[in-house]
Amino acid sequence: MDEVGWEVDSDDDSSAVAELIGRQIKFWREAAGLRVVQFGELMGYGENLIHKVERGARIPRPEFLDRADEVLKAGGHLKGLKPDAEKVRYPKKVRDLAKLEAQALELCTYNNSVIHGLLQTEEYAQAEVRNRQPPFPEEEVERRVAGRMSRQGIVDDASGLPVFSFVQCESTLRRGNGGRLVMRRQLERLLEVGQLRNVTIQVLPMDREENAGLGGSFRLLKLKNGTTFGHLAVQLLSRVISDPRELQILDMRYGMIRAQALTPQESRDFIEEVRGKT
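Reading guide: rules and limits
- Residues numbered from 1 in each chain as written.
- Predicted model: local features only at pLDDT ≥ 70, side-chain atom pairs only at ≥ 80, totals over all residues.
- Heavy atoms only, no water.
- Salt bridge = Lys/Arg side-chain N within 4 Å of Asp/Glu carboxyl O.
- Helix = DSSP H or I, 4+ residues; strand = E, 2+ residues; numbered from the N terminus.
- Axes fitted to C-alpha atoms, helices over the stretch in contact; angles between N-to-C directions.
- Parallel < 35°, antiparallel > 145°, perpendicular 65-115°, else oblique.
- Contact = heavy atoms within 4.5 Å.
- Nonpolar A, V, L, I, M, F, W, Y, C, P; charged D, E, K, R; others polar.
- Core = buried A, V, L, I, M, F, W, Y, C linked by side-chain atoms within 4.5 Å.
- Buried < 20%, exposed > 50% of the residue type's maximum accessible area, 1.4 Å probe, protein only.

Caption draft 1: Spatial organisation of the pattern of salt bridges. Scanning all chains against the criterion turns up 20 salt bridges. Ionic pairing is found between R174 and E170, a salt bridge with its closest N-O pair at 2.6 Å. Placement of both R174 and E170 in helix α9 (residues 170–174) is noted, with a separation of four residues, approximately one turn of the helix. When the shortest N-O distance is used, the salt bridge between E188 and R184 registers 3.7 Å. Pair noted here: E188 and R184 are both in helix α10 (residues 180–193), with a separation of four residues, about one helical turn.

If you want it as structure tokens, here you go:
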């Protein structure tokens with residue numbers, strides 16, 4: 001059977017939640033009078049994996065908790081842990097960004113290497129994560145892609161908030177990440193999302209003589225309480241920016257990037273043209 005769940009990051013606060021879930025599973029297993037090996041056989045998992053879950057070394061998948069609740073006759077107590085497991089199943093930096101995004105009234109992003117994560121199709125995200133070197137284990141690829149996809153619900157919020165401004169460098173539209181079919185579907189996704197009333201997508205052409213985005217990708221998150229944060233992700237570094245002076249520079253830079261980019265309608269026409277040649 002598939003792995004029980006996801007490994008817990010050693011320096012991650014998710015360990016406390018994983019340990020709590022593990023203790024609950026162990027409590028109900030012992031209350032049912034089952035040894036680990038017996039429980040594993042009933043669940044369809046190996047003894048070693050059950051031990052990992054019970055000691056909090058792995059975060060169980062939702063289907064594992066459903067099955068454990070049924071096998072141990074826990075009356076819904078183990079099923080009820082699924083929201084807790086869901087919150088900590090993704091890497092910490094993904095959860096931290098998701099928390100900021102959930103508090104934002106406006107998100108402004110510029111990308112010059114890949115399509116922004118909130119706009120990616122699952123196939124595009126898989127190709128991007130698999131391009132990393134040294135390569136991630138398949139389980140980690142799945143975890144990271146699932147974390148990225150889970151954040152996209154905020155873009156489809158029917159309330160019209162937050163407001164999104166995406167500027168994509170032309171190079172991200174033409175870079176064949178995942179192959180032609182993946183890129184064609186990705187371009188179609190941009191056209192679909194660009195029709196939402198709270199989303200603006202612009203393209204910054206590579207032939208612009210002036211380009212304020214040469215310093216690399218970044219984002220600005222303007223929260224409901226009036227606070228603004230920046231975020232940079234470069235190679236092995238992921239940094240949240242709160243210094244007012246640095247935020248002022250990023251805000252000014254983003255304004256210039258938007259001014260240098262094509263208008264939303266021009267950008268839509270541009271994306272459609274690239275799609276037609278992909």
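Caption draft 2: Quick peek at the packing of helix α2 (residues 36–43) against helix α3 (residues 47–54). Their axes nearest at 8 Å, the elements α2 and α3 cross at an angle of 105°. Taken together, α2 and α3 sit at an angle that is classed as roughly perpendicular. Taking contact as the criterion, the partners of V36, V37, F39 and G40 in α2 are, on α3, E47, I50, H51 and E54. Partitioned by chemical class, the residues of the contact of α2 with α3 number four nonpolar, two polar and two charged.

Caption draft 3: The arrangement of the nonpolar core in detail. Membership of the largest hydrophobic core comes to 27 residues, with the highest contact counts inside it found for F164, L173, L190 and I271. It is α10 that provides the largest number of residues to this core, a total of six residues. What F164 contacts, discounting residues up to four positions off in sequence, is L107, L118, I154, V155, N198, V199 and T200. Core analysis: the second largest hydrophobic core is formed by 22 residues, A18, L65, V71 and A74 among them.

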